[in-house]
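Secondary and tertiary structure notes
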Amino acid sequence: MLKEKITAVNGLNVHTIQTDKYKTNTLVFKMKAPLTKETVTQRALLPYVLQSGTKTYPTATALRSYLDELYGATLNVDLTKKGEQHIITIRVDIANEKFLKDSSPLLNKAVQLLSDIILQPALENGEFVAKIVEQEKRALKQRIQSVYDDKMRYANLRLVEEMCKGEPYALHVDGELEDVDAITTKSLYNYYQKALQEDEMDLYIIGDIDEIEVLDLVKSHFQFENRAAAHRKSPITKKTITNVNEVIEKQDVKQGKLNIGYRTNITYEDDQYYALQVFNGIFGGFSHSKLFINVREKASLAYYAASRLESHKGLLMVMSGIEPSNYDKAVNIIKEQMEAMKKGAFTDEEMVQTKAVIRNQLLETLDTPRGLVEVLYHNVVSERKRPVDEWIAAIEKVTCEEIMEVANQIELDTIYFLTGMEEGK
Amino acid sequence: MEKLFYEQLQEELYYEKMPNGLDVYILPKKGFNKTYATFTTKYGSIDNQFVPLGQTEMKRVPDGIAHFLEHKLFEKEDGDVFQQFSKQGASANAFTSFTRTAYLFSSTTNVEKNLETLIDFVQSPYFTDKTVEKEKGIIGQEIRMYDDNPDWRLYFGTIQSMYKNHPVRIDIAGTVESIAEITKELLYECYETFYHPSNMLLFVVGPVDQEKIMQQIRDNQARKSFKPAAEIKRFVYSEPKEVAQAKQVIPMNVQTPKCLVGIKAKNVAQIGKDKLKHELTMNVLLDYLFGKSSPHYERLYSDGLIDETFSYDYTEETEFGFAVVGGDTAEPDRLTDELKKIMLTFREHSLDEQDLERVKKKKIGAFLRSLNSPEYIANQFTRYAFHQVSLFDIVSVLESLTCQDIEQVANECFNESQFSVCQVVPKNTGN
């Protein structure tokens, strides 16, 4: 199993993982803060501005040319919500020169570059560059709007909006459209300075590396001012469900998108988390699960019918694409599967199968640098640390009773259906 | 068993042809948890007219049948193969492309058992009238899902605008109407013709012992009997060099318009290193013109004509090759004109040698990165092998590319008569 070493360097937690299985070396930087209406849009914009120019390479074109020169090093950024925390991720992946004819060292250049992107952005008059900010504000608006055109994503987003109304989790990961225009080069720069001081920061370095050398590199390149090693946690908003919310929305679509949200009342921190994982696997996580078998294989109603967990918020989401006229049929079948879970109507075989697949999925995820970081980062987001070895052993130990207990804690919250104009439900 | 060693990349590949004609490749990957295996037939959506095995006349089969067959192969008399794989801790899948159908699994335990399941389920078809009918509802919803997906409609619209006759223009899943015509007899006919071992390739990549795995495959194949390998006769479509139509507009329920320019290649080499070179040259050319570090990209981005959805891609198979360039845009007509202009005026400027070297470096690094992925290795190796090309020649061919090579491909492809554009635009729905 891979060994993760964690070292605090200048208020930054550096995670190093030494392995010779890849042809590249990977750097993943993450900064995390609570999800709030006031900051969500600025945070959604910030990494895109940072990746558009540094002091040394002040335009996106100059920066991208430099990346090409470094044998096509890749640089990408994204945003995620984990529970009620908003996470900015910046990744740099660079070839390991030992597989190239030209063997000038590349990793130190990648560390330097990543640190420049984070700490030495392109500036004018002590603020971000107006042209870059304007371009990225436009791109951000396009990104926010594009969800409407992807009906699967749209239906999922609408379910969360309806289900978590008034909770921070309802905020959009890419920010709020109406707050984009108000951002200025100055306000964003001020926010950036504040985030550098207050966000919790983690840097993962994976590859065929010398851990001592690479830590020295990080020490010299990542110098923060006035930075406290932050660790802040925002409590998760809980909700009492009084009645099930049913939302039907009509649009010009051929296929209806049925998205159902449940509250599991269990998060990554809880002892029941492993039982919840097994629950989800039997219920809808895989192609042997109840949803796939009953909605798709038996009733022939859908091409996809699955469920997934939001581990840090405690949500379970079911999604399926169906003929609009089959709404009642599909909802009933899905409800029946949940009832079956609550009653313990699943076999030992289903349990064994699900555990084997979960174990396999976890081990496969660890084979990619990106997957590995995502697995490890759960331990940063949550107070509860769950090493990979523990994961595998604990999944094995989950019992039928524990799964039923989990099932009986799960509450139906919202049924959302995006359907065609003519046929109703 | 033959051993191929790629020193610079530090990869070893083992190969053997089975007596029944099946090609088997094994690439041991130390340090990985996962083993990934693909079992692929050289049979895809474009193979819709052929002489069925044992017959003499050309036959036209319903659109979408290769993909339908892929779905149905998972169902057996005693249940679903997905169940079998998950009991063995594996995740299984399959996909159908224009020219291939691939079945695959990945697993971190029980590799030999899973490999046996993979080979056996693909080599034992079981189709009944009842299961064929049931699948029509499922695939019908798969088709509907794509109908509502504007990016897919845009992509296929572009291909349909480029190709007049060639079946690449037909959606891989077919239509609700065309799949209604599929019967179990037709499925067996397609299966017998295209799933002969001599038309297939098995690739295993992961932390495996190559000797053991190869022996297992030899034993497995020796237990089964197949008809002697026969040459497959596919209908040869005649396709004009120029595009079928210059422009197509699809109104849909979207907020942001989309625009894709298609470029139809004229001279596509059938097989061998020339084919690899042609494909890589086109890829380098597109990167040179439209990559994020190119001046064109910068200008289009700062003008607000493109956003992060902008992309370009080149697809080359045995009989056809086409590039697509575009993405979301507020002004689809202006973007169309700009993209065409960039390509048509390319010949007027001389190629910057330094920029070309940079693009080549980027491509070499990207190839190295893709070797981190067992999925990439298995799928791309198979695709190239079907064209009698080796995946591992990519770096040397990239290194050899010259300005003349790039210019030659640009001359071949960048002509108004080879461009077609497809746009998805917001439709006035009144909601």
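Each chain carries its own residue numbering, running from 1 in the written order of its sequence. Key to labels: chains lettered from A, ligands numbered from 1, both in the order written. Only residues with pLDDT of 70 or above have their local features reported here, since the model is predicted, and side-chain atom pairs are shown and tallied only from 80 upward, although totals for entire chains, interfaces and linings are computed over all residues.

A word on the overall build of chain B
Starting at the N terminus, helices and strands are each numbered in turn, a helix being any DSSP run of H or I of at least four residues and a strand any DSSP run of E of at least two. Helix and strand counts for chain B stand at 15 helices and 16 strands. The globule rule is 2.2 Å times the number of residues to the power 0.38, and the radius of gyration it is compared with is taken over C-alpha atoms. Scaling as 2.2 N^0.38, a compact globule of 431 residues should have a C-alpha radius of gyration of about 22 Å, and chain B matches this with 23 Å. The dimensions of chain B, computed from C-alpha atoms along their principal axes, are 60 × 55 × 45 Å. Put simply, chain B has 431 residues, and 49% of those count as buried. Residue pairs qualify as contacts under a 7 Å threshold applied to their C-beta atoms, which are placed from the backbone. Taking all contacts inside chain B whose residues are at least 6 apart in sequence as the whole, residues at least 24 apart take part in 80%. To sort residues by exposure, count the other C-beta atoms lying within 10 Å of each residue's C-beta; 20 or more gives buried, 12 or fewer gives exposed, and values between give partly exposed, all with C-beta atoms placed from the backbone.

Topic: the overall build of chain A
Along chain A, the regular secondary structure elements total 14 helices and 13 strands. A compact globule built from 425 residues should have a C-alpha radius of gyration of about 22 Å, and chain A, at 23 Å, falls within 12% of that. Over its C-alpha atoms, taken along the principal directions, chain A stretches across nearly 60 × 45 × 40 Å. Looking at chain A as a whole, 48% of its 425 residues are labelled buried. A separation threshold of at least 6 residues defines the contact pool for chain A, and within that pool the share at least 24 residues apart is 79%.

A closer look at the nonpolar core
Only buried Ala, Val, Leu, Ile, Met, Phe, Trp, Tyr and Cys residues enter a nonpolar core, and they are joined through C-beta atoms within 7 Å. In this structure, A:A110, A:L114 and A:F279 are the most contacted members of the largest nonpolar core, which totals 238 residues. If one sorts the elements of this core by residue count, helix 9 (residues 273–290) of chain B sits on top with nine residues. Leave out the neighbours within four places in its chain, and A:A110 touches A:N25, A:L27, A:A73, A:V92 and A:I94.

As for the sheet that holds strand 3 (residues 24–34) of chain A
Sheets are built from strands that pair by backbone hydrogen bonding, the pairs being arranged parallel or antiparallel. Residues and elements named next belong to chain A. At least two bridges found by DSSP between two strands is the condition for calling them paired. Within the open sheet, the six strands sit side by side as 1-2-8-3-5-4. Their pairing is mixed. Because the sheet does not close on itself, it has two edges, and the strands there are strand 1 (4–9) and strand 4 (74–82). Strand-to-strand twist across the sheet, computed as the mean angle between neighbouring axes with direction ignored, equals 20°. Bridge analysis of strand 4 against strand 5 (residues 85–95) gives nine bridges, and the strand direction is antiparallel. In the sheet register, V77 faces strand 5, and the bridge partner there is I90. The axes used here are C-alpha line fits, helices contributing only the stretch in contact, and every angle between their N-to-C directions lies in the interval 0 to 180 degrees.

Quick look at the interface of chain B and chain A
Between chain B and chain A, the contact holds 56 residues from the first and 56 residues from the second. Of all the elements in the fold, those that place two or more residues in the side of chain B that touches chain A are helix 2 (81–87), strand 9 (90–96), strand 10 (101–107), helix 4 (129–147), helix 10 (295–302) and helix 12 (353–370) of chain B. Among the residues making up the side of chain B that touches chain A, the classes are represented as 14 nonpolar, 24 polar and 18 charged. All amino acids are sorted into three groups, where Ala, Val, Leu, Ile, Met, Phe, Trp, Tyr, Cys and Pro are nonpolar, Asp, Glu, Lys and Arg are charged, and the leftover types, Gly among them, are polar.

Section: the environment of B:V236
Tracing the backbone shows B:V236 in the loop between helix 8 (210–222) and strand 12 (247–252). When the C-alpha atoms of B:V236 and B:D47 are compared, they prove to be 9.9 Å apart, with 189 residues separating the residues in sequence.

Some thoughts on unusual backbone geometry
Here the phi dihedral of A:Y71 falls at roughly 50°; this positive angle occurs in a residue that is not glycine. Mapped onto the fold, A:Y71 is located in the loop between helix 2 (60–69) and strand 4. One non-glycine residue, B:Q10, lies in positive phi territory at about 55°. Checked against the element boundaries, B:Q10 lands in the loop between strand 1 (2–6) and strand 2 (11–17).

A short note on the pairing of strand 12 (residues 315–322) of chain A
Residue and element names in this part refer to chain A. Across the eight residues that make up strand 12, a large majority, seven, are buried. Bridge count for strand 10 (residues 256–263) against strand 12 is eight bridges, and the pairing is antiparallel. Note on strand 12: the bridge partner recorded for G261 is M317. Hairpin connection, strand 11 (residues 302–310) to strand 12: the antiparallel pair is bridged by four residues, and G314 has positive phi, about 80°.

Quick look at the packing of helix 3 (residues 107–119) of chain A against helix 7 (residues 211–221) of chain A
All names here are of chain A. Orientation of helix 3 relative to helix 7, taken along the N-to-C sense of each, is 30°, at an axis distance of 10 Å. Judged by the inter-axis angle, helix 3 sits roughly parallel to helix 7. Crossing of helix 3 against helix 7: the hand is right-handed. Taken together, the residues of helix 7 that come into contact with helix 3 (itself represented by N108, V111, Q112 and S115) are L217, V218 and H221. Of the residues in the contact of helix 3 with helix 7, the class split is three nonpolar, four polar and no charged. We call two directions roughly parallel when the angle between them is under 35 degrees, roughly antiparallel when it is over 145, roughly perpendicular when it lies between 65 and 115, and oblique otherwise. When the near helix sits turned anticlockwise from the far one by under a right angle, the crossing is termed left-handed; a clockwise turn instead gives a right-handed crossing.

A word on helix 1 (residues 65–72) of chain B
Residues spaced three or four apart along an α-helix face the same direction, because each turn holds 3.6 residues. Residue and element names in this part refer to chain B. In terms of residue burial, helix 1 counts as a mostly covered element, since seven of its eight residues are buried. Every buried residue of helix 1 is accounted for by I65, A66, H67, F68, L69, E70 and K72. The inward-facing, buried residues of helix 1 abut strand 7 (75–76), strand 9, strand 10, helix 4, helix 6 (176–180) and helix 7 (184–194).

Looking at the confidence of the model for chain B
pLDDT runs from 0 to 100 and stands for how confident the predictor is about each residue. For chain B, the mean per-residue pLDDT works out to 95, and 99% of the residues sit at or above 70. We note a pTM of 0.94 for the whole complex and an ipTM of 0.92 for its interfaces.

Thoughts on the sheet that holds strand 3 (residues 23–28) of chain B
All names here are of chain B. Pairing in this open sheet of seven strands is mixed, and the strands run 1-2-3-11-4-10-9 from one edge to the other. With one partner strand each, in any of the chains shown, strand 1 and strand 9 form the two edges of the open sheet. Direction aside, the axes of adjacent strands within the sheet are offset by 15° on average. Alignment of strand 3 against strand 11 (residues 200–206), held across six bridges, turns out to be parallel. Paired with I26 across the two strands is V204, which belongs to strand 11. Against the sheet, helix 8 touches strand 2, strand 3 and strand 11, its axis set at about 160° to strand 3.

Some thoughts on helix 1 (residues 40–50) of chain A
Counting buried residues in helix 1 of chain A gives 11 out of 11 residues, a clear majority hidden from the surface. Of all the residues in helix 1 of chain A, the buried ones are A:V40, A:T41, A:Q42, A:R43, A:A44, A:L45, A:L46, A:P47, A:Y48, A:V49 and A:L50.

Here's the deal with the pairing of strand 9 of chain B
All names here are of chain B. Burial analysis of strand 9 places five of its seven residues in the buried class, which makes it a mostly covered element. Here strand 9 runs beside strand 10; their pairing, made up of seven bridges, is antiparallel. Bridging from a neighbouring strand, A92 pairs with F105 of strand 10. What sits between strand 9 and strand 10 in their antiparallel hairpin is a turn of four residues.

Comments concerning the environment of A:A130
Along the polypeptide, A:A130 turns up in helix 4 (residues 130–146). Sequence separation between A:A130 and A:T184 is 54 residues; the distance between their C-alpha atoms is 8.2 Å.

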